[in-house]
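A closer look at the structure
What follows is the residue order along each chain.
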Amino acid sequence: MITSTDIAGSPVEPFDFVLFGGSGDLSMRKLLPALYFRHCANQLPADGRIICAARQELDTDGFRALMDAESKIHIDEKDFMEDHWLSFIERVHYLRIDVTVQSDYEKLKSMLAGREEHVRVFYLSVAPSLFNKITEGVNAAGLITPLSRVALEKPLGRDEASADVINDELAAVFKESQIFRIDHYLGKEAVQNLMALRFGNSLFEPLWRNERISDVQITIAESLGVDTRGRFYDQTGALRDMVQNHLLQLLVILAMEPPVSVDPDAVRDEKIKVLRALKPLVGRDAIENTVRGQYKAGAYDEGTVPGYLENEDIPNDSTTETFVALKAEIGSWRWEGVPFYLRTGKRLEKKQTEIIINFKKVPHSIFETADGLNEPNQLIIRLQPEEKIRMRVYVKAWGDAITLQPVHLNLDFNDVFQKRRMIAYERLIVDVLRGNPVLFMRRDEVSAAWAWVDPIQQAWEHFQVEPKAYRAGSMGPSAASNLIHRDGFAWYEE
Ligand code: BG6
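Small disclaimer: the values here were computed from a predicted structure and weren't measured.

This paragraph deals with the overall build of the protein chain. Helix and strand counts for the protein chain stand at 14 helices and 18 strands. If you line up the protein chain on its principal axes, its C-alpha atoms span 80 × 50 × 45 Å. Expressed as a percentage of its 494 residues, the buried residues of the protein chain come to 54%. Long-range pairs, those at least 24 residues apart, make up 78% of the contacts in the protein chain with a sequence separation of at least 6.

Below, the structure is given as structure tokens:
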């Protein structure tokens, strides 16, 4: 059995990594730097090639120069080693291709000829409308070998029906075991650490249920706006861009039953049970339990930023949401009665991903508290920008009477590991090269996530729910606070 814990281990098998969209933003910012770090860790064998495929009129030398200008800057100076970079770019080759023209695949064919025994990855960092063109193109050119794999970036469709079409088209060409659907949150160390925390310690499991937990909050806040991604974003919105995938993945990992092993299907079987147990938010229920928002101009320490509608790629009457808050509930013995409050947004006060587990109060309090409050225990798991765990417990305040005072037990992973924070894609790319699907979304998982999200989108459209305005630099519209206040809770803000 392959586990995903062996990332630091031995080199992967010889490979050809064909990166469609090779000159794009994701490739320059994340994918090529991720491959560079794996190269530095001696994990890429000498016979491992990276073929960047795109439409620009460039040759390999021109592309390597582009990497020098646009990719190198995304590697932290302290982690950059010139000699490694130079040997890394030797692996990189460029293929000019129009993926809609079948004859162009002949060029790829000749580049791959004679290397049928190598692992072959087709990595699609392109618009979903091109997925099918490329999979058909490589198939028609006879490029799919038994050791071939395809990796796809989200979004996989814009609802369950369109995701099904994409999945059917993929299934016509690749076996499910060859398909790697990426949600980059699953590649983050901090997200994998959630599983380690829950299932590697006996401490939490007895508490991890409705008898002990009152509510759970998951926030993925971003300070950036949509910037150059306006055209894509306006067609997508925060529900499809963040909730359907990243937020639901975090919820599922927090709420799943312990899997019997780390075998990919054992884990994914448990994850899908949670998705299917989410209580549907349909019609009026969806309206009452969700909040849409859109940012207006606002100020940060660095200066003011324009509102969403001021972006030149956004129509000025756009009603696309850049913020979502919602209350989800899971119908199961473990979670009945525990609300999961999720929120995400662009141009919020700060970039921060955080999970808050609020425990129930002691059933009968016999002590006074120094602050007059008797807040329950709270577990705060910060996933980014720093990785920290903080637990609020009560202790006796210094002094004579037994008066309680809250203190925090703090664990900062930077102090414990003192290592470079890996790019999520490092692990994901190595897992694709190794053929290990544990951190990727299975087809039924993607469908189940859409099946829960679709009725929310439909209700917004049916009731023409306009997004509530919020100021850039704030934590979203006030309606998001009302959503949680009405149940007697409040968003945790540090
Ligand atoms: C992507 C979304 O999947 O995740 C982006 O499309 C978002 O809109 C990004 O900014 C956030 O990722 P991270 O790793 O910066 O939290």
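Enumeration over the complete set of coordinates arrives at 40 salt bridges. A salt bridge links D487 to K327, with the nearest nitrogen and oxygen atoms 2.9 Å apart. Of this pair, D487 sits in the segment after α14 (478–485) while K327 sits in strand β11 (residues 323–328), and the two are 160 residues apart along the sequence. Ionic pairing is found between R421 and E387, a salt bridge with its closest N-O pair at 3.8 Å. Of this pair, R421 sits in the loop between α11 (413–417) and α12 (424–434) while E387 sits in the loop between β15 (378–384) and β16 (388–396); the two residues are 34 residues apart in sequence, bridging distant segments of the chain.

Attention now goes to the packing of helix α7 (residues 189–199) against helix α8 (residues 230–255). Running from N to C, α7 and α8 point in directions that differ by 15°, and their axes come no closer than 9 Å. Overall, the two elements α7 and α8 adopt an arrangement that is roughly parallel. Considering the relative orientation of α7 and α8, their crossing is right-handed. Taking contact as the criterion, the partners of V191, L194, M195 and R198 in α7 are, on α8, L250, I253, L254 and A255. Taken together, the residues of the contact of α7 with α8 sort by class into seven nonpolar, no polar and one charged.

Right, let's get into the site of the ligand. Around the ligand, the neighbouring residues are K154, H184, Y185, K188, E222, R229, D241, M242, H246, K346, K351 and Q384. The separation between an oxygen atom of the ligand and a polar side-chain atom of K188 is 2.6 Å. Contact distances for the ligand include 2.5 Å between an oxygen atom and a side-chain N or O atom of E222. When the ligand is considered free in solution it has 390 Å² of accessible area, and contact with the protein chains removes 81% of it. A per-element tally of the shell around the ligand places α8 first, with three residues. Residues that form the shell around the ligand fall into these classes: two nonpolar, three polar and seven charged.

Attention now moves to helix α1 (residues 25–40). Under the 1.5 Å per step criterion, the end-to-end length of α1 is 22 Å for 16 residues, consistent within 8% with the ideal 22 Å. Remark: the principal bend of α1, roughly 30°, maps to L31, with a proline, P33, within the next four residues. Counting buried positions over the 16 residues of α1 gives 13, a clear majority of the element. Directly after α1, the chain includes N42, whose backbone phi takes a positive value near 60°.

Turning our attention to the confidence of the model for the protein chain. In this model, the protein chain carries an average pLDDT of 94, and 98% of its residues clear a pLDDT of 70 or more. Within the model, pLDDT remains below 50 along residues 1–6, and this stretch shows 15 contacts once partners closer than five positions in the same chain are excluded.

Counting buried positions along strand β1 (residues 15–20) gives six out of six residues, so the element sits mostly inside the fold. Of the two faces of β1, the one carrying F15, F17 and L19 and the one carrying D16, V18 and F20 are both buried. Relative to strand β4 (residues 119–124), β1 is paired through six bridges, and the arrangement is parallel. Opposite L19, over in β4, you have Y123 as the bridge partner. Assessed by its sense of winding, the connection that carries the chain from β1 through α1 to strand β2 (residues 48–54) is right-handed.

Here the focus is unusual backbone geometry. That bond from K154 to P155 is cis: its omega, 0°, falls within 30 degrees of zero. In this structure, P155 sits in the loop between β5 (148–152) and α6 (160–171). A cis geometry characterises the amide bond from Q384 onward to P385, with omega recorded as 5°. Considering the arrangement of structural elements, one finds P385 in the loop between β15 and β16. Of note in this structure, N42 is not a glycine but carries a positive phi near 60°. Considering the arrangement of structural elements, one finds N42 in the loop between α1 and β2. Look at N42 and you get exposed, because its relative accessible area is 58%. Of note in the backbone geometry, D227 takes a positive phi value of approximately 45° without being a glycine. Within the secondary structure, D227 sits in the loop between β7 (213–221) and α8.

Ranked by size, the top nonpolar core spans 145 residues in total, and within it F20 and F122 carry the most contacts. Among the elements that make up this core, the one with the highest residue count is α8 (13 residues). If sequence neighbours within four positions are ignored, F122 has contacts with V18, F20, L108, L112, V138, L143, I144, S148, R149, V150, A151 and F174.

With that settled, consider the environment of N311. Tracing the backbone through its elements, the reader meets N311 in the loop between β10 (303–305) and β11. Remark: the alpha-carbon pair of N311 and G230, spanning 81 residues in sequence, is separated by 7.0 Å. Once you skip the residues sitting within four places of it in the chain, N311 turns out to touch V226, D227 and G230. Engagement of the side chain of N311 in a polar contact is seen with the backbone oxygen of D227, the distance being 2.8 Å. Polar contacts involving the side chain of N311 include one to the main-chain amide nitrogen of D313, which spans 2.8 Å.

Strand pairing in a sheet relies on backbone hydrogen bonds. The paired strands run either parallel or antiparallel. A sheet is described by the order of its strands in space; here 10 strands give the open sequence β14-β17-β16-β15-β13-β7-β12-β11-β8-β18, paired in mixed fashion. With one partner strand each, in any of the chains shown, β14 (368–369) and β18 (468–471) form the two edges of the open sheet. Strand direction decides the pairing type here: strand β8 (residues 290–296) and β11, joined by four bridges, are antiparallel. Within β11, the residue paired with V291 across the bridge is A325. Contacts from α8 reach β7, β11, β12 (340–345), β13 (352–359) and β15, with the element oriented near 145° to β12. Each of β7, β8, β11, β12 and β18 is contacted by α14, which is oriented at about 10° to β11, the strand it contacts most.

The rules behind the values
Residues numbered from 1 in each chain as written. Predicted model: local features only at pLDDT ≥ 70, side-chain atom pairs only at ≥ 80, totals over all residues. Heavy atoms only, no water. Helix = DSSP H or I, 4+ residues; strand = E, 2+ residues; numbered from the N terminus. Buried < 20%, exposed > 50% of the residue type's maximum accessible area, 1.4 Å probe, protein only. Contact = heavy atoms within 4.5 Å. Salt bridge = Lys/Arg side-chain N within 4 Å of Asp/Glu carboxyl O. Axes fitted to C-alpha atoms, helices over the stretch in contact; angles between N-to-C directions. Parallel < 35°, antiparallel > 145°, perpendicular 65-115°, else oblique. Left-handed = near helix turned anticlockwise from the far one by under 90°. Nonpolar A, V, L, I, M, F, W, Y, C, P; charged D, E, K, R; others polar. Near = heavy atom within 4 Å. Polar contact = N/O pair within 3.5 Å; in protein donor to acceptor, adjacent residues only side chain to side chain. Areas by Shrake-Rupley, 256 points an atom, 1.4 Å probe, with all protein chains shown as cover. Expected span 1.5 Å × (residues − 1). Bend = angle between axes of the 7 residues up to and from the residue. pLDDT = per-residue confidence, 0-100. Pairing = 2+ DSSP bridges. Right-handed = clockwise from strand over helix to strand, strands pointing away. Core = buried A, V, L, I, M, F, W, Y, C linked by side-chain atoms within 4.5 Å.

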